[in-house]
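What follows is each chain in one-letter form.
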Amino acid sequence: MSPLSPDKVLSLLNEFTRHYQRPLQILLVGGLALHFYGLPDRATMDVDAEVKSGLEELFHFLKEHHIPADLSENFSGWSVIAMPPGYAERSGVALQSGRLEIKILAPADFIIAKLRRFTETDIQDALFVAKKHGVSPEEVNQAAESAISHSAKDTALFLFRRNVEEFLRIMKNN
């Protein structure tokens, strides 16, 4: 499977709103969001997003067009580590086109989303957003502590805390 281009996905999302004659508000949370953070050439293989309504229709529509998608009404629930409270309210509109509204996480929230998985690609994505958008180590640490304090007590928190510490060390060395 070849990487998805943001233009192709945006075109399909607009087509979805025309086909179903309904608005679509989508919060991009994965690699595709990097297009809007200023990294237009970042390759991704799927659409990762929070969708408030029409989730099932959108999933099937994307599947019919051979676009893998991981969609949810609650992105925070994708991990034992919760997103910092208010992440959806802090998200910003990246694109408004007809009935389509694409939002992206605030930069510090995007970094926390990436640190929840902590692959090499996630680390590079988080570093790019931190540098491009001037997110300080203190902001990352504050967002991480908020996420931890709103997460269920679990051993995964220890690993997440270690990942945050490692990311902050990498940030300071770059």
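In case you missed it, the structure is sitting above this.
Residues numbered from 1 in each chain as written. Predicted model: local features only at pLDDT ≥ 70, side-chain atom pairs only at ≥ 80, totals over all residues. Heavy atoms only, no water.

Notes on the side chain of Lys 114
Within the fold, Lys 114 resides in helix α5 (residues 107-117). Not counting residues within four places of it along the chain, the set of residues in contact with Lys 114 comprises Gly 30, Gly 31, Arg 42, Asp 122, Asp 125 and Ala 126. (Helix = DSSP H or I, 4+ residues; strand = E, 2+ residues; numbered from the N terminus. Contact = heavy atoms within 4.5 Å.)

Details of the pattern of salt bridges
If you walk through the whole model with that rule in mind, you get nine salt bridges. Between Asp 109 and Arg 90 there is a salt bridge, and its shortest N-O distance comes to 2.9 Å. In this pair, Asp 109 sits in helix α5 while Arg 90 sits in helix α4 (residues 87-90), placing the two residues 19 residues apart along the sequence. When the shortest N-O distance is used, the salt bridge between Asp 122 and Arg 117 registers 2.9 Å. Residue classification places Asp 122 among the buried positions, given a relative accessible area of 2%. For Arg 117, a relative accessible area of 60% corresponds to the exposed category. A cluster of three or more residues bridged by salt bridges with shared partners is formed by Arg 42, Lys 114, Arg 117, Asp 122 and Asp 125. (Salt bridge = Lys/Arg side-chain N within 4 Å of Asp/Glu carboxyl O. Buried < 20%, exposed > 50% of the residue type's maximum accessible area, 1.4 Å probe, protein only.)

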